[in-house]
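This is what each chain is made of:
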Amino acid sequence: RSLLTLAVLTGAAAACAPTGSTEMRRPRAENRLRIPPLRDPRPGADGVRRFPLTLRTGHTEFLTGKPAETWGINGSYLGPTLRMRRGDLVAMDVRNQLPQPSTLHWHGMRLPARMDGGPHQTIATGGTWSPQWRVDQPAATLWYHPHPHGETADHVWRGLAGMIIIADDAGLPARYGHDDIPLVIQDRVIGDDGEMEHDKRPTFGLMGDDILVNGTLGAQLEVYTTLVRFRLLNGSNARVYHLGFADGREFHVVAGDAGLLTAPAATARITLSPGERAEIVVAFAPGEPAVLRGFAGDDDVDDGNHQILRISAAADLSRSPALPDRLPGAGPVAVPAGARVRRFKLSGHDEINDREMDMNRVDEVVPAGAREIWEVRNAVYAHNFHIHGVDFTVLDVDGTPPPAWQAGRKDTVYLPPKKTARLAVEFDRHTDAATPYMYHCHILRHEDDGMMGQFTVVPPGTESWAPRTVSHAG
Ligand code: C2O
Ligand code: CU
Ligand code: CU
């Protein structure tokens, strides 16, 4: 008993704190938060804004002086933040210099399936892929990451991911890296030699207790304005974060996965499962310290009490414009009476509706522009559910509507153990009966093991004769 008390006092017990404890795990080192470079290219003579993106290997020092072998995009770990606006014509020039084939998927982007970067758009080693599209969706924080079937967990864990900002003019803090801060949150295992470790845990796969933010271990940030917007992305393979500040302060959520809310929503705690995003605005007083941290939930495989980001406000803060009362969010997806309901059951770590993913099978065929209810039931332990090429709003989880901060447009929803979520889903109008979009659990080990299905979007009225198989060349 006295030994136990001593361990708590010295902080040594943090590594084995029981669920329910709020003892915070401190990082092994502290480093200034890295801000990924911003790419916001001007249009060329052809009116196209080009983003060169090279997938490559490299070395990254998570621990000073001890480089790890990592993968990155245009750099050694993660990739640049890509900023664009609604109406822009954009082209991605993706070059694969990895020793393996991969893909690059634009998570949350509403575009034709053949540009989606899913498992059917493989880029061979040494190859390039250049999709081009017009951005036609509301302002939001999106992201990009590889999606090669069976290898996504490994490619993302090694460092391949980046943020995409579709800029708004809603009067929110918007100076990138100054009062508009990207936070790509990832858990990893960094060995004492500085190398990244790749041991899978049972059930959930790759997880760790070293929290990286934008690839920074033990991230700390100084802020200079009275209001700061953070764009939070859970870029982890499996970990679910219950985020809040150590002092319990409230903040305002202004956007979810797929865009702005209709009004800022005050809360002290948000949950983000892998792939989910939230934009929050936090108020600071001069000279004030604050710690963004994770709290334990009943879903995690361990306690979840991690320090995420240590913040200190400068002694002099410049005054930010007031937070607007209303925001130009799209509001809930309105599903017509008699809308089609499709049901999905997630079971084990590899099946949806009792089947594993088959690259050649089309599981669902949806008429373009449809609004449907997708009912997703989680049979056992924690999962989530992401749908490509759509926006949805959560109608309810086990009959309970979401809190205001979670009521905006989304593309990924958390499914706590043994719960059922009903989603109001709005599909795009891009049709292609030969190229599927994906839906899947975004716990990457589950996705790789087959907890994924494919759907095509076809002209209304052609569903019954649309092909139920697609050929996969990879
Ligand atoms: Cu973020 Cu199908 O992926
Ligand atoms: Cu996606
Ligand atoms: Cu899962």
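What you see is a predicted model, and the numbers here were worked out from it, not measured in a lab.

About the criteria used
Numbering of residues starts from 1 in every chain and runs along the sequence as written. Chain labels run from A onward and ligand labels from 1 onward, assigned in the order the entries are written. Where totals are concerned, whole chains, interfaces and linings use all residues; where local detail is concerned, this predicted model gives features only for residues with pLDDT of at least 70, and gives and counts side-chain atom pairs only at 80 or more. The way it works is that DSSP assigns letters per residue, a run of H or I at least four long becomes a helix, a run of E at least two long becomes a strand, and they are numbered from the N terminus. Only C-alpha atoms enter the radius of gyration, while the globule expectation follows 2.2 Å times N to the 0.38, with N the number of residues. Residue burial is a threshold on neighbouring C-beta atoms within 10 Å of the residue's own C-beta, all placed from the backbone, with 20 or more meaning buried, 12 or fewer meaning exposed, and counts in between meaning partly exposed. By definition, residue pairs are in contact when their C-beta atoms, positioned from the backbone, come within 7 Å. UniProt positions are given in the numbering used here, feature names are shortened, and annotations may be inferred rather than shown by experiment. Any two strands between which DSSP finds at least two bridges are classified as paired. Here the limits of each domain have been adopted from an automatic or database domain assignment. Residue type decides the class: Asp, Glu, Lys and Arg count as charged, Ala, Val, Leu, Ile, Met, Phe, Trp, Tyr, Cys and Pro as nonpolar, and the leftover types, Gly among them, as polar. To get an axis, a line is fitted to the C-alpha atoms, and for a helix only the part in contact is used. The angle between two axes follows their N-to-C directions and goes from 0 to 180 degrees. The quantity called pLDDT is the predictor's confidence in a given residue, expressed from 0 to 100.

Within the chain one finds three helices and 35 strands. Computed over C-alpha atoms, the radius of gyration of the chain comes to 21 Å, within 12% of the 23 Å expected from 2.2 N^0.38 for 474 residues, which places it in the range of a compact globule. Along the first, second and third principal axes, the C-alpha set of the chain runs to 70 × 50 × 50 Å. Residues classed as buried in the chain amount to 50% of the 474 residues present. Taking all contacts inside the chain whose residues are at least 6 apart in sequence as the whole, residues at least 24 apart take part in 78%.

Per the UniProt annotation, the sites labelled "domain: Plastocyanin-like" (unreviewed entry) are residues 57-169 and 350-459. Secondary structure across residues 350-459 comprises 5% helix and 45% strand; the distance between its end C-alpha atoms is 31 Å.

This part covers the pairing of strand β10 (residues 140-145). Counting buried residues along β10, six of its six residues qualify, which places the element largely inside the surrounding structure. Neither face of β10 is exposed, since Ala140, Leu142 and Tyr144 on one face and Thr141, Trp143 and His145 on the opposite face are all buried. Both strand β7 (residues 105-107) and β10 contribute to a ladder of three bridges, which runs antiparallel. Note that in β10 the partner of His107 across the bridge is Trp143.

Under the domain assignment, the chain is made up of domain 1 (31-166), domain 2 (173-318) and domain 3 (341-465). If you average the C-alpha positions of domain 1 and of domain 3, the two centres end up 24 Å apart. Domain 1 puts 16 residues into the contact, and the matching count from domain 3 is 15 residues. The residue makeup of the side of domain 1 that touches domain 3, split by class, is six nonpolar, six polar and four charged.

With that settled, the discussion passes to the sheet that holds strand β30 (residues 383-387). Each strand in a sheet pairs with its neighbour through backbone hydrogen bonds, running either in the same direction (parallel) or in the opposite one (antiparallel). Taken in spatial order, the five strands line up as β28-β35-β34-β30-β32 in an open sheet, and their pairing is mixed. Pairing within the sheet leaves two strands with one partner each, and these edge strands are β28 (364-367) and β32 (412-415). Across this sheet, the average inter-strand angle for adjacent strands is 25°, counted without regard to direction. By the bridge criterion, two bridges tie β30 to strand β34 (residues 437-440) in an arrangement that is antiparallel. Bridged to His386 within β34 is His440.

Now for the sheet that holds strand β23 (residues 277-283). Taken in spatial order, the seven strands make up an open sheet running β16-β15-β12-β18-β23-β20-β21, and their pairing is mixed. The sheet is open, and its two edges are formed by β16 (216-217) and β21 (259-267), each paired on a single side.

Below, the discussion takes up the confidence of the model for the chain. The predicted model of the chain has a mean per-residue pLDDT of 94, with 95% of residues at 70 or higher. Ranking the elements of the chain by mean pLDDT puts helix α1 (residues 2-10) last, at 35, and strand β11 (residues 162-166) first, at 99. Two summary scores accompany this predicted model of the complex, namely pTM at 0.95 and ipTM at 0.99.

Glancing now at the pairing of strand β35 (residues 452-458). Within a regular strand, the side chains alternate between the two sheet faces. For β35, the buried fraction is high: seven of the seven residues fall into the buried class. Pairing of β28 with β35 involves four bridges; the strand directions are parallel. Paired with Val366 across the strands is Val457, a residue of β35. Pairing between β34 and β35: four bridges, direction antiparallel. Paired with Met438 across the two strands is Gln454, which belongs to β35.

Positive phi is not limited to glycine here, since Asn74 has a value of about 65°. Its location among the elements puts Asn74 in the loop between β4 (66-73) and β5 (81-84). The backbone of Asn353 sits at a positive phi, close to 50°, despite the residue not being glycine. If you trace the backbone, Asn353 turns up in the loop between β27 (351-352) and β28. With 14 C-beta atoms packed within 10 Å, Asn353 lands in the partly exposed category.

Turning next to the environment of Ala167. Relative to the assigned elements, Ala167 resides in the loop between β11 and β12 (180-188). For Ala167, a count of 16 C-beta atoms within 10 Å puts it in the partly exposed group. Ala167 sits 255 residues away from Arg422 along the chain, and the two C-alpha atoms are 29 Å apart. Those residues in contact with Ala167 that sit more than four places away from it in its chain are Arg83, Arg85, Ala139 and Ala174.

Next up on the list: the environment of Thr435. Mapped onto the fold, Thr435 is located in the loop between β33 (420-427) and β34. A sequence separation of 314 residues divides Thr435 from Gln121, and the C-alpha atoms of the two residues are 9.7 Å apart. Leave out the neighbours within four places in its chain, and Thr435 touches Ala113, Arg114, His120 and Val470.

Here we take up the environment of Leu243. Considering the arrangement of structural elements, one finds Leu243 in strand β19 (residues 241-245). The class for Leu243 is buried, based on 25 C-beta atoms found within 10 Å. Each C-alpha atom, one on Leu243 and one on Leu272, is 7.7 Å from the other, the two residues being 29 residues apart in sequence. Setting aside chain neighbours within four positions, we find Leu243 in contact with Leu232, Arg269, Ile270, Leu272, Leu292, Gly294 and Ile308.

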